[in-house]
Each structure stands twice: as C-alpha cells, then as structure tokens.
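An overview of the molecular structure
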Amino acid sequence: MKSIPPSNKLRENAGEKTAAEHLDYLESGIRLMLWFAWNHCRKHPEETFDQVINRRLDIFRRTSLNQGELHGSSDGAPVADWNRLVEKLSALQEQTKNETESGAFEHEAMRKISPLLPSRVERDLQSLRERRFLAEFQCGSLRHNAKPQEDAPKRIGFHIANACYPASLFDDPHYLPQCLMSLMEKTEKTFGVTELGTGTWLNSHPRWLELFPPKWGERMSPPAEIAGNLGTWGQFMTARQTFNHKLAAKFRQSGELPFPSRTSWCSMESLRNHLAACMAKKH
C-alpha cells in the first residue's frame, strides 16, 4: 500500500513559511535552548556548559557553520569555529551563573550567534520547497531503520517527518494510518519483522497516541533526558515549520517539557486491528 498525502487544498490553505518566519524559527529556537542550558547548568553543576550545548541542544545545525541540511546529519565532529563559539558561550555562562535570571546571558549569547543565522534562511527555504528533508522517507511521513533492533530482532524502529508541510500530519484523518500500513507492509517484506517501535516527543501527544493500540501506551518508557535532536526540540516546530511560541512559553513557565520524548512499541497485528477499527468509526 502506498501512503497518500493530504489534498493539495490542505497545503494551499496552510501557506508556506516566509523568510522572516524562518529566521524567527532559528533565533527563537536557539534562544529557548540557551535558556534551558543556563538553567540546567545551575541545577546540575556536574554537567559543564560545553557538555550541555553539545549533547542536549540543537544549535550547531541551525547555524551557518553547519554546511549540511538544517535537520540532517551534522557529519561528524563540530568544526573549529564552532568549538571557539562554545568556549565563548561557556565563559559567558560562567560570568552570569550567579544572576537570578537568564536574560542577560540569552541576550549576550544571541549577539554572538545571530550573525551565523541569516545566511541559512534562503538555502533552508529552498531545501524545504524541494522537500529534501524527505529524501530517505520511504512511507510518506515515516522512515524505517536500515535494520531491525539488535536486542529485538523482530522489531523495526521508525522516524517521523511532516511530508504534508505546510499542512499538519493530522489534518487528513486517513493519512497517518495509510503511512503506518505502508510502513508495516514494506518492513514485513524486507526484514520479516512483526513489531514496530519509535522514540519521539509525539509519544506524549494525545492525537498521535490515538493511532496506536492500548499496548502502545502500556509499554511506554519513562520520559527520556533532553537531547540535542528533533526527538526533543521538534515539538517547538509547527506544521508550517515556524516556531511554536505558545509551547515555548509553557516550557519557560513550568520548566518541564510540554511533550517529553518517550519510547514504545507494539505488534503489527495489533496495530492493523486498531487502525481498521479507527477507520471504520470515521466512515
């Protein structure tokens, strides 16, 4: 079964993001990560700032120092210029760590980072227009791993993107079920697997969880640690790939991620039965 994207009408109604919106996405996302890092280091002095920025933040890929795709692989160790920037940010964090709020740190850190952002805008938008972020996605908005899990050879992991951009994955109620059915069909034939699993912030999102049988929720892992990838930071990107200011404000206010990343899995048989029942209700 081939997964089918939502209608072009949905895409047209959403409208692609502008250059100004993309620059805001870069700037606001990085500022949020800096806020988190400053506060995290105060609460966890056992972690140095350079460890936090390289392990828990997704800043490098969003700067012009990254010659690759915005959300693609960073192709190995960060460049020397990045290491020098991290040293400056670490020194700035040390200078401001005794202040009551992160505002001064965020402001000064952004002065150092902001010049590295404008040159990304047009190439990122061109990449988005060409849907280059979907190059490795075999089943619409879903991509399966190259091989089954080593510790669970009957299970294949998968990843999620938004092939419906600028519309939402959830606008067409039939879309994601079709993607999942296609994913199961392909991986069964290729790998002989009988189970699917994934780790994502969407595993904390009610609309995503509706797609899966009860066992998916019962097997859900505890929240994962904050990591420097879209598994954590993707929740602050809207369907139009603009910055989700409302969700970021909730994070700043509570100090807790609105949708922590979690991992789960289920059998393909149970997922097929669940999706069939869901689709029957929608007709």
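Heads up: the structure comes first, above all this text.
Let me begin by describing the structure that accompanies this report. The structure presented is a predicted model; accordingly, all values stated were derived computationally and were not measured.

A separate point is the pairing of strand 3 (residues 195–200). Along strand 3, five of the six residues are buried, which leaves the element largely enclosed by surrounding structure. Relative to strand 3, strand 2 (residues 155–160) runs parallel, the two being bridged by three bridges. Across the sheet, residue Ile-156 finds its bridge partner in strand 3, namely Leu-196. Handedness of the strand 2-helix 7 (residues 175–191)-strand 3 crossover: right-handed.

A few words on the pattern of salt bridges. Scanning all chains against the criterion turns up 20 salt bridges. Among the ionic pairs, Arg-132 bridges to Glu-130, the shortest N-O distance being 2.4 Å. For Arg-132, a relative accessible area of 34% gives the class partly exposed. Here Glu-130 falls in the partly exposed class, since its relative accessible area comes to 43%. Look at the salt bridges and you will find they share partners, linking Arg-31, Glu-106 and Arg-252 into a network.

Grouped together as the largest cluster of nonpolar side chains are 73 residues, with contacts concentrated most on Phe-158, Trp-208, Trp-233, Phe-236 and Phe-251. No other element matches the 11 residues that helix 2 (residues 19–43) contributes to this core. With sequence-adjacent residues up to four places away left out, Phe-158 is seen in contact with Leu-142, Arg-143, His-144, Leu-180, Leu-183, Leu-196, Gly-197, Thr-198, Trp-208, Phe-212 and Trp-216.

This part covers the layout of surface pockets. If you add up the space inside the second largest pocket, you get close to 400 Å³. In terms of lining, the second largest pocket is formed by 18 residues, of which the most central are Phe-36, Ile-226, Phe-251, Gly-255 and Glu-256. Only helix 2 and helix 11 (245–254) provide two or more residues apiece to the lining of the second largest pocket. Looking at the lining of the second largest pocket element by element, the count peaks at five residues for helix 2.

With the rule as written, the count across this model stands at 13 aromatic pairs. Between Phe-158 and Trp-208, the aromatic rings sit 6.5 Å apart at their centres with planes inclined by 40°, giving tilted as the arrangement. Of this pair, Phe-158 sits in strand 2 while Trp-208 sits in helix 8 (residues 206–209), and the two are 50 residues apart along the sequence. Of the two residues, Phe-158 and Trp-208, both sit in the buried class. Ring geometry for Trp-233 and Phe-236: centres 5.9 Å apart, planes at 40°, overall tilted.

Let's shift gears to empty space enclosed by the protein. According to the stated counting rule, one finds one cavity of 30 Å³ or more in the structure shown. The computed volume of the largest cavity comes to approximately 50 Å³. Along its surface, the largest cavity is lined by Tyr-25, Gly-29, Leu-32, Met-33, Arg-62, Trp-233, Phe-236, Met-237 and Phe-243. For the lining of the largest cavity, the element with the most residues is helix 2, which contributes four residues. Residue classes in the lining of the largest cavity are distributed as seven nonpolar, one polar and one charged.

Calculation criteria
- Residues numbered from 1 in each chain as written.
- Predicted model: local features only at pLDDT ≥ 70, side-chain atom pairs only at ≥ 80, totals over all residues.
- Heavy atoms only, no water.
- Buried < 20%, exposed > 50% of the residue type's maximum accessible area, 1.4 Å probe, protein only.
- Helix = DSSP H or I, 4+ residues; strand = E, 2+ residues; numbered from the N terminus.
- Pairing = 2+ DSSP bridges.
- Right-handed = clockwise from strand over helix to strand, strands pointing away.
- Salt bridge = Lys/Arg side-chain N within 4 Å of Asp/Glu carboxyl O.
- Core = buried A, V, L, I, M, F, W, Y, C linked by side-chain atoms within 4.5 Å.
- Contact = heavy atoms within 4.5 Å.
- 1 Å grid on protein atoms, 1.4 Å probe; cavity = no way out; pocket = protein on both sides within 12 Å on 5 of 7 lines; lining within 4 Å.
- Points joined across faces, edges and corners; volume = space filled by probe spheres on them.
- Phe/Tyr/Trp six-rings, centres within 6.5 Å; stacked < 30°, edge-to-face > 60°.
- Nonpolar A, V, L, I, M, F, W, Y, C, P; charged D, E, K, R; others polar.

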